[in-house]
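What the coordinates show
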Amino acid sequence: MADQKFAWKTEELCKSFESGIGKELHTQLVAQDKQNKHTSYISGPWFDMYLTARDPIVLNFNPFMAFNPDPKSEYNDQLTRATNMTVSAIRFLKTLRAGLLEPEVFHLNPAKSDTDIFKKLIRLVPSSLSWYGAYLVNAYPLDMSQYFRLFNSTRLPRPSRDELFTDDKARHLLVLRKGHFYVFDVLDHDGNIMSASEIQAHLKYILSDNGPAPEFPLAYLTSENRDTWAELRQKLVSSGNEETLRKVDSAVFCLCLDDFPIKDLVHLSHTMLHSDGTNRWFDKSFNLIIAKDGTAAVHFEHAWGDGVAVLRFFNEVFKDSTQTPAITPQSQPASTDSSAAVQKLNFKLNDALKTGIRAAKEKFDATMKTLTIDCIQFQRGGKEFLKKQKLSPDSVAQLAFQMAFLRQYGQTVATYESCSTAAFKHGRTETIRPASIFTKRCSEAFVREPSKHSAGELQQMMAECSRYHGQLTKEAAMGQGFDRHLFALRYLAAAKGIVLPELYLDPAYAQINHNILSTSTLASPAVNIGGFAPVVPDGFGIGYAVHDNWIGCNVSSYKGRNAREFLQCVQKALEDMFDAMEGKSIKT
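Numbers given for residues are sequential positions, taken from 1 along each chain in its written order. It should be noted that, the model being predicted, local features are given only for residues of pLDDT at least 70 and side-chain atom pairs only at 80 or more, the latter also being counted only at that level, while totals for whole chains, interfaces and linings use all residues. With hydrogens and water set aside, each side-chain value is computed from the structure's full complement of heavy atoms.

**Topic: the overall build of the chain**
A count of helices and strands for the chain gives 20 helices and 18 strands. For 588 residues, the compact-globule estimate of 2.2 N^0.38 gives 25 Å, and the chain sits close to it at 25 Å. Overall, the C-alpha framework of the chain stretches about 75 × 55 × 55 Å when taken along its three principal axes. Whether a residue is buried, partly exposed or exposed follows from its accessible area with a 1.4 Å probe, protein chains only, as a fraction of its type maximum: under 20%, in between, or over 50%, in that order. Looking at the chain residue by residue over its 588 residues, the buried ones come to 52%. In what follows, residue pairs with any heavy atoms lying within 4.5 Å of each other are defined as contacts. A sequence separation of at least 24 residues applies to 75% of the contacts in the chain between residues at least 6 apart. Numbering goes from the N terminus for both helices and strands, where a helix is a DSSP run of H or I of at least four residues and a strand is a run of E of at least two. We compute the radius of gyration over the C-alpha atoms and compare it with the globule rule, which gives 2.2 Å times the number of residues raised to the power 0.38.

The following block contains the structure:
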């Protein structure tokens, strides 16, 4: 009865918000949006949300994506792969800056628009009209305004609000190894890529440096609370490190060379998500990490951009480095004086800075001890099988998470699935809310009373979930979700000094924004696995991908939740659904 009372109260608040203060704020938001045609209503508030957050960016914000190995095994040698991926990354930079990167397109009906004929047709039509052509076949060119921050960019810690810094004139690469910092030019004065054999020689030189690891690894500071780091950075600057820091901040990107091989997928996730904190510059727009055995990943800072921009870069680097590698395992490095070309950066540290680094390390180590990561690969089928069943592969994965949580904890909870809104100018993301009355009904049928339902009835419930999930996904991608709208109205109220509307103080609003299940999917032939930490202390961070013939799922949790047990429940949920699809009865 108490729940019923709360539900009525929430309904009342929603109605009065919709007809009262919410309506006023919406009118103001629309007016503001019309005045600012150069951007979207969400862009400024969203940047603010990231940049004003004071929590450490490691685990709280930065995700990772790991590459599949090079199909030619001898190319997975660390030096060979580091050279090839660096050259491919710089080739991408050159293509991007020359305006030659083919635009990203979101296809609502790929059979009609994702074709060579359509692409040729669009190229022939003047750009002012090509949008209409795309619109007619439900293909939307995606916003690519984030891409310029991929390179030469760093998030700088500042008191109360960080700043995104970009210097596209810089021509050097930053390399981290054993906690030491090195820089060398990868572009010449005319902006051309340095020869691959020179890059190889410089990386070989760095890999042969046998000096001990630094006693006070500076990289720990990028894992600190942002205000603490801002204060320590100020101390670094006033201790004579300004120019050295500038080299770190302006570098094309950060290449991290690790001194150990990867043992398994769980070790891979820990290494690429956080590692031991000594050999990453977490503030850099992205770190390209290459382990001793050539296992590679991208770890990226989230304020400047979203998965769509990083995934495009990721796919192109994988394709280019594996199909047109700059060097072969037999290639000889250039006979050049790397000791003159490579500069090892040295930082002047006083006692206050050393104390700061020590404190950052202690916090980092303590936090990492509380994080568990586990993963499964479900091999019974994937996209191909599910599409034959006329089911959305994404909806099946999401349904498995609902069933798993219900089995493990006896309830269903707020669930977040990110969806790109790059079909709009300066679009960022929207939330798909996979937990619905349909998934609740279906989960309860599978978990609590499978014997009461025939396989046909269970199939029907899954089809219902799939249809509704498909509708939610389309709505979110086309800007019809409610999360960002409510977020912007709240932001506007705060900016105008208006008292926070009551709706935002309702426990139900707090509950749907406490995302115990935070999920994200990025499927691509180049991605081996991806992941991130939970977004709330009692949550799960779920990175997943539905491949052609299998489903991969990577889950993180803090103490108090059990990632391994959750994954066993996900496995059981998938087994049950596949049994139902094949007409078999469900084993309890």
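**What to know about the pattern of salt bridges**
A pairing counts as a salt bridge when a side-chain nitrogen of Lys or Arg comes within 4 Å of a carboxyl oxygen of Asp or Glu. Evaluation of the coordinates by the stated rule reveals 35 salt bridges. Where Glu-582 meets Arg-380, a salt bridge forms, and the shortest distance between an N and an O atom there is 3.1 Å. You can see Glu-582 sitting in the segment after helix H20 (563-581) and its partner Arg-380 sitting in the loop between strand E12 (371-378) and helix H14 (383-388), a full 202 residues away along the chain. Here Arg-380 falls in the partly exposed class, since its relative accessible area comes to 31%. Arg-441 is paired through a salt bridge with Glu-464; the nearest N and O atoms lie 3.4 Å apart. In this pair, Arg-441 is assigned in helix H16 (residues 437-448) and Glu-464 in helix H17 (residues 455-477), connecting sequence segments 23 residues apart. According to the relative accessible area criterion, Glu-464 is partly exposed, its value standing at 27%. Among the charged side chains, a salt-bridge network with shared partners connects Arg-54, Arg-155, Asp-162, Arg-226, Asp-227, Asp-283 and Glu-301.

**Things to note about the UniProt feature "active site" (unreviewed entry) in the chain**
As recorded in UniProt, the feature "active site" (unreviewed entry) lies at His-302. Inspection of the secondary structure puts His-302 in the loop between strand E10 (296-300) and helix H11 (307-323). Its relative accessible area of 16% is what places His-302 among the buried residues. For His-302, the residues in contact, after removing those within four places along its chain, are Tyr-50, Phe-61, Asn-62, Pro-63, Gly-307 and Arg-428. Polar contacts, as counted here, are pairs of nitrogen or oxygen atoms within 3.5 Å of one another; within protein the pair requires one atom able to donate a hydrogen and one able to accept it, and residues that are adjacent in sequence qualify only if both atoms are side-chain atoms. Here the side chain of His-302 touches Tyr-50 through a polar contact of 3.5 Å, side chain to side chain. UniProt positions are given in the numbering used here, feature names are shortened, and annotations may be inferred rather than shown by experiment.

**Considering the sheet that holds strand E9 (residues 286-290)**
Strand order in this open sheet of 8 strands is E11-E7-E6-E8-E9-E10-E1-E16, and the pairing throughout is mixed. Each edge of the open sheet is held by one strand with a lone partner, namely strand E11 (343-345) and strand E16 (527-531). Neighbouring strand axes in the sheet, compared pairwise and without regard to direction, differ in orientation by 25° on average. Relative to E10, E9 is paired through 5 bridges, and the arrangement is antiparallel. Residue pairing for E10: Phe-286 is matched across the bridge by Phe-300. Paired strands are those between which DSSP finds at least two bridges. To get an axis, fit a line to the C-alpha atoms, keeping to the stretch in contact for a helix; angles then go from 0 to 180 degrees between the N-to-C directions.

**Overview of the side chain of Thr-429**
Counting through the fold element by element, Thr-429 comes out in strand E14 (residues 429-432). Each residue touching Thr-429, except ones within four places of it in the same chain, is listed here: Trp-46, Asp-306, Tyr-416, Cys-419, Ser-420, Thr-421 and Arg-484.

**Re helix H8 (residues 196-207)**
Taking 1.5 Å of rise per residue, 12 residues should cover 16 Å, and H8 covers 16 Å from first to last C-alpha, within 8% of that figure. Among all positions in H8, only Ala-196, Ile-199, Gln-200, Ala-201, His-202, Leu-203 and Ile-206 are buried. In this structure, the buried side of H8 is in contact with helix H4 (78-97), strand E6 (172-177), strand E7 (180-185), strand E8 (254-257) and helix H12 (338-341). How far a helix is expected to stretch is found by multiplying one less than its residue total by 1.5 Å.

**Focus: the sheet that holds strand E15 (residues 517-521)**
Pairing is mixed across the open sheet formed by 6 strands, whose spatial order is E12-E18-E17-E15-E13-E14. With partners counted over all chains shown, the strands left at the sheet margins are E12 and E14, one partner each. Ignoring strand direction, the axes of neighbouring strands in this sheet form an average angle of 25°. Sheet topology places strand E17 (residues 540-546) next to strand E18 (residues 551-558); 7 bridges connect them, and they run antiparallel. Bridge pairing in E18 links Gly-543 to Asn-554. On top of the sheet, helix H18 (residues 483-495) reaches strand E13 (415-420) and E14; it is set at about 120° to E14, its chief contact.

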